Each structure stands twice: as C-alpha cells, then as structure tokens.
Amino acid sequence: MGQSLVKNYVHIVFSTKYRQPLIHPPYENELHHYLGGICKKLDCQPIIVGGYTDHIHILCMLSKKIALMKLVEELKSNASKWMKTKDESLKNFYWQNGYGAFSVNPSQIEIVVKYIQNQHEHHRKKTFQDEYRAFLKKYKVEFDERYVWE
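In the nomenclature of an unreviewed UniProt entry, the protein corresponds to IS200/IS605 family transposase from the organism Arcicella gelida.

Set out below in structure tokens:
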C-alpha cells in the first residue's frame, strides 16, 4: 500500500481538577476556541469543542501524526497555562489527571455535535459524574470508581 489513509473521529472528555466549576463566560468560549486552535496546530481537525463549568468535550479527527495521549497532554497543559493568565481567580486552575476518549462512527458525528452543543441544557439534569459513567458503560469500558475521580 503506497499511502496511509486515516479517518479517526474521537470524542475526548476531561474535567477540571476535583470538578471545580471554573469555566465561565467570558473565558468559556475563549477556552473552547483555544482548545480548537491547539487541535488545528496538531493537525487534529476540530469538529466542535464545548462543555460545561467543570469539564470539556472535544470532537476532532485524530491525526495519523500524533498519539492520542500526546494530543490530550498538549491540550490540557497549554489550556491550563492559558486559563491561569486570564484572571487572578484562575491562578489555581488545573485539569484532572485522566481523560476519556471514545471513537465515533462517522454516521454518528451529527449526534455527537448536537450533544456537545447542548451541554448547558443537558447538565441542568445530569452531573458530570453521571454523564461520564454513562459514557464508560456505553463504550463498555471497565473501571473502578475509586480511581476515576480526583
């Protein structure tokens, strides 16, 4: 085979450390754009970035040139440093250590986009922990509750 052809959609989810509700306007939209810019820089075309006060959802195409772990590392480290520069109240802004990443079937992209667009509405009824547990169950990821949260 003469060339490498890759199209991997990935839905990445991670929260603030201890799920602190630190992501608010005006920095919320700026943060989403900033994270999208990091994805673009790493050749991982962002489809949508969204979230709620205590977590982020990123739907992007994972580049064949970077490992998922490296993408998430770059996203979290750069965004954390950036957020700390935005306001004195954010000087202790940190992301949780872990993350979730789930493959998305191309036929399901619009469903995931709408899901991410509706995060604020969605979280009027459901906590991040319940949302994340549902993802883990949907994707049949075995987990130990003692080690998921920090």
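### Observations concerning the sheet that holds strand β4 (residues 100-104)
Pairing is antiparallel in the open sheet, where four strands are placed in the order β2-β3-β1-β4. Whereas interior strands pair on both sides, the edge strands pair on one side only; in this sheet they are β2 (46-52) and β4. Ignoring which end each strand starts from, the neighbouring axes of this sheet average 20 degrees apart. Note: strand β1 (residues 8-15) against β4, five bridges, orientation antiparallel. Its bridge partner lying in β4, His11 is registered against Phe102. Strands in contact with helix α2 (residues 68-84) are β1, β3 (55-62) and β4; relative to β1, the strand with the most contacts, it is inclined by about 45 degrees. Its contacts with the sheet place helix α3 (residues 109-117) against β1, β2, β3 and β4, and it is angled at close to 35 degrees to β2.

### Digging into the pattern of salt bridges
For side chains bearing opposite charge, pairing can occur when the charged atoms are close. In the structure shown here, the tally under the stated rule is nine salt bridges. With a shortest N-O distance of 3.1 Å, Glu74 and Lys70 are connected by a salt bridge. Of this pair, Glu74 and Lys70 are both found in helix α2, four residues apart, which corresponds to roughly one turn of the helix. By relative accessible area, which is 22% here, Glu74 ends up partly exposed. Relative accessible area serves as the criterion here: at 37%, Lys70 is assigned to the partly exposed category. Three or more residues are tied together by salt bridges with common partners; here these are Lys70, Glu73 and Glu74.

### With respect to the packing of aromatic side chains
For the structure on display, the rule yields nine aromatic pairs. Considering the side-chain rings of Tyr34 and Trp82, the 4.8 Å spacing of their centres and the 15 degrees angle between planes classify their relative orientation as stacked. You can see Tyr34 sitting in helix α1 (residues 27-41) and its partner Trp82 sitting in helix α2, a full 48 residues away along the chain. Taking relative accessible area as the criterion, Trp82 reaches 15% and is therefore assigned buried. Aromatic side chains Phe102 and Tyr139 sit 4.8 Å apart centroid to centroid with 25 degrees between the ring planes, which places their arrangement in the stacked category. With Phe102 in strand β4 and Tyr139 in the loop between α5 (128-138) and α6 (145-148), this residue pair connects regions lying 37 residues apart in the sequence. Members of the aromatic cluster, joined through ring pairs, are Phe102, Tyr115, Phe135 and Tyr139. Above the face of the Tyr18 ring, Lys17 is positioned so that its terminal group lies 5.4 Å from the ring centre. Directly above the aromatic system of Phe14 lies the positively charged group of Lys76, at a separation of 5.5 Å from the ring centroid.

The rules behind the values
Residues numbered from 1 in each chain as written. Predicted model: local features only at pLDDT ≥ 70, side-chain atom pairs only at ≥ 80, totals over all residues. Heavy atoms only, no water. Pairing = 2+ DSSP bridges. Helix = DSSP H or I, 4+ residues; strand = E, 2+ residues; numbered from the N terminus. Axes fitted to C-alpha atoms, helices over the stretch in contact; angles between N-to-C directions. Contact = heavy atoms within 4.5 Å. Salt bridge = Lys/Arg side-chain N within 4 Å of Asp/Glu carboxyl O. Buried < 20%, exposed > 50% of the residue type's maximum accessible area, 1.4 Å probe, protein only. Phe/Tyr/Trp six-rings, centres within 6.5 Å; stacked < 30°, edge-to-face > 60°. Lys NZ or Arg CZ within 6 Å of the ring centre and 35° of its normal.

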